[in-house]
Every structure is written in structure tokens, then in C-alpha cells.
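Next come the chains, spelled out residue by residue.
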Amino acid sequence: MKNAIKASSIAWLAACAPAAAGDLGESGYQLTKPDFDAAFGVTFASQYIARGVAQSDGKPGIQGYGEVRLFDWFYAGAWAASLKLPESKGLTNPALEVDAYIGVRHTWDRLTLDGGVIYFWYAGETNGNIDYWEPYFRPTFQVNDWLTVGALLRATDNFVNQGVKEAYLLGNAKIKLPSLTSNPDVGSYLSGEFGRRWIGKNDTGFNFPDYYVWNLGAGLTYKAMTLDVRYWDTTLSRRECAAFLNDRSWCGDRYLVSLSFDTTLSALR
């Protein structure tokens, strides 16, 4: 039973999709795109939340990414985040998460289809190896000039290298708010996500709880800078956290404030 609890706790270390890929896809759409481009950025966040579960023990951290894009079809990149997991768990305790990904993404007018695979690598693990692969599919549709909707499906049969099946499905929407200034470099938005996570059994037959997850937030943009304030919550109770994760603080409602800087080579030319 001790090993089962340990395996279940390790499972919660897996992170959400790389910020570089973006669950809402590209903001807006372009009639023409360069054959080669590169995107990169950095985010300072009040904490790191993955699929509704804390990954930085409620502490602030830094995240960053780089991505190469070819012919408006192919892309590859890496996203990294600092970790600070709750102490005294007897678990693997990596200091850094690196998500390397490669995929195909193309835009037809207002529709963007995006699919690929991510490899989760946890640097500095002290107990075991939880690195694993996870495919994903993310369609996005720009309904009009102010509304974008999308979905995300991610699934694997070897979640955190434990031979566990896991699936994560969500829908999302982003609303571009009317401009309150004549400055075209200033913008604002509302966005939210709602989804469900299913987790199977490990080789000991220990059940992981399935749960719903959602977030709602608002952002202010200025050129390459984005300030985002977001509320996260799940149907996981603190009692479930204590039973499955050995710590009540990993779950529950929480707020996230982030400041991001994102740009592309084509934008700098």
C-alpha cells in the first residue's frame, strides 16, 4: 500500500501543455505567414499550476520556451518551468520540468488544427524516473473578431512512467474586449477553460481520482507583454489530496498572477 500511495503521489507531478503551444492556439489568424519563424518568451508566475494541481508548493517561479515554425505546418520546441514540490513526501523531487514537443499545426481561414507529442523530462530527480511521452490534439476556431473557441485532448498509456492510462479533455474560450484606448498596442481579454481528467490504475491496482477542472481569468496586453490574473479550481477535495497525495495543500481553489513576454522573429524584423 505504501508503494501504491507513493506511485499515486508521483503522478501529480505531470504538467499541463507547454505555454508556448497555448491552449487557445494562435491569437487571431493571418492570411500569409513566413516559411520560417521562431517564437520565444518568458513568464514570471506567482505559482505553477498543472491541470488544477499545484506544482510549485504555492511559490512563485519562472517559465520559458522557444519554438521553431516551418511553412505554417511544422513546429518543434521546448518549454521549461521551475518546480518546488511540497517537502517530506519521500518522492522524486525534481527541480526543473522540461517539455520537449514536436507537431503539425496549420490554419485554414479561421480554423487551426494542431497535433503532436510532448516528452516530459524532469531534471534533478532524487527518487525514480517519471519521464514520459504524451500525444495531444488541439483544434481552434476564431468565431469572429472578438471570440475564439477551442478544445484540447491529451492522452497516454504510460503516465509518469507508471504504466497508467491518463486522459485530459477540456474546452476553452477567449473573448477580446473592446479597446478603452486609441493605442493599438494595448488590448484586454477574458478567457476560461473547463475540462475533465481521467486517471487509471497502476500495477498495484490503486485508483487515482478522476476530477473536473476549470479556470477563469482576465488579461491585459501591451505589445509583447501580457499580464494575466486567473482563478483555478477542481472537484478534488482536500481530503482526497491528503489521501492520495499525502498533502492537503496541493489542491483547492487558488489564484494565479503571471507576467509574460512573448514575441517572434518575424515580429522583430
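Residues numbered from 1 in each chain as written. Predicted model: local features only at pLDDT ≥ 70, side-chain atom pairs only at ≥ 80, totals over all residues. Heavy atoms only, no water.

As recorded in an unreviewed UniProt entry, the chain goes by the name TorF family putative porin, listed as coming from Methylopila henanensis.

Caption draft 1: Representation of the overall build of the chain in the model. Along the backbone of the chain there are 3 helices and 14 strands. Here the chain holds 269 residues, and the buried ones make up 45% of them. Per element, the accessible surface of the chain, about 13000 Å² overall, is 62% carbon and sulfur. (Helix = DSSP H or I, 4+ residues; strand = E, 2+ residues; numbered from the N terminus. Buried < 20%, exposed > 50% of the residue type's maximum accessible area, 1.4 Å probe, protein only. Areas by Shrake-Rupley, 256 points an atom, 1.4 Å probe, with all protein chains shown as cover.)

Caption draft 2: Region of interest: the environment of Q47. Along the chain, Q47 falls in the loop between β1 (36–45) and β2 (49–50). Classification of Q47 by relative accessible area gives buried; the value is 8%. Along the primary structure Q47 and S82 are separated by 35 residues, whereas in three dimensions their C-alpha atoms are 9.7 Å apart. Here Q47 is in contact with S56, G58, K59, P60, R254, Y255 and L256, once residues within four sequence places are set aside. Within polar-contact distance, the side chain of Q47 engages the side chain of R254 at 3.2 Å. (Contact = heavy atoms within 4.5 Å. Polar contact = N/O pair within 3.5 Å; in protein donor to acceptor, adjacent residues only side chain to side chain.)

Caption draft 3: Broad picture of unusual backbone geometry. The backbone of D72 shows a phi angle near 55°, a positive value even though the residue is not glycine. Note on placement: D72 falls in the loop between β4 (61–70) and β5 (74–82). For D72, a relative accessible area of 21% gives the class partly exposed. Residue D109 is not a glycine yet carries a positive backbone phi of 55°. Looking at where D109 falls in the secondary structure, it is placed in the loop between β6 (96–108) and β7 (111–123).

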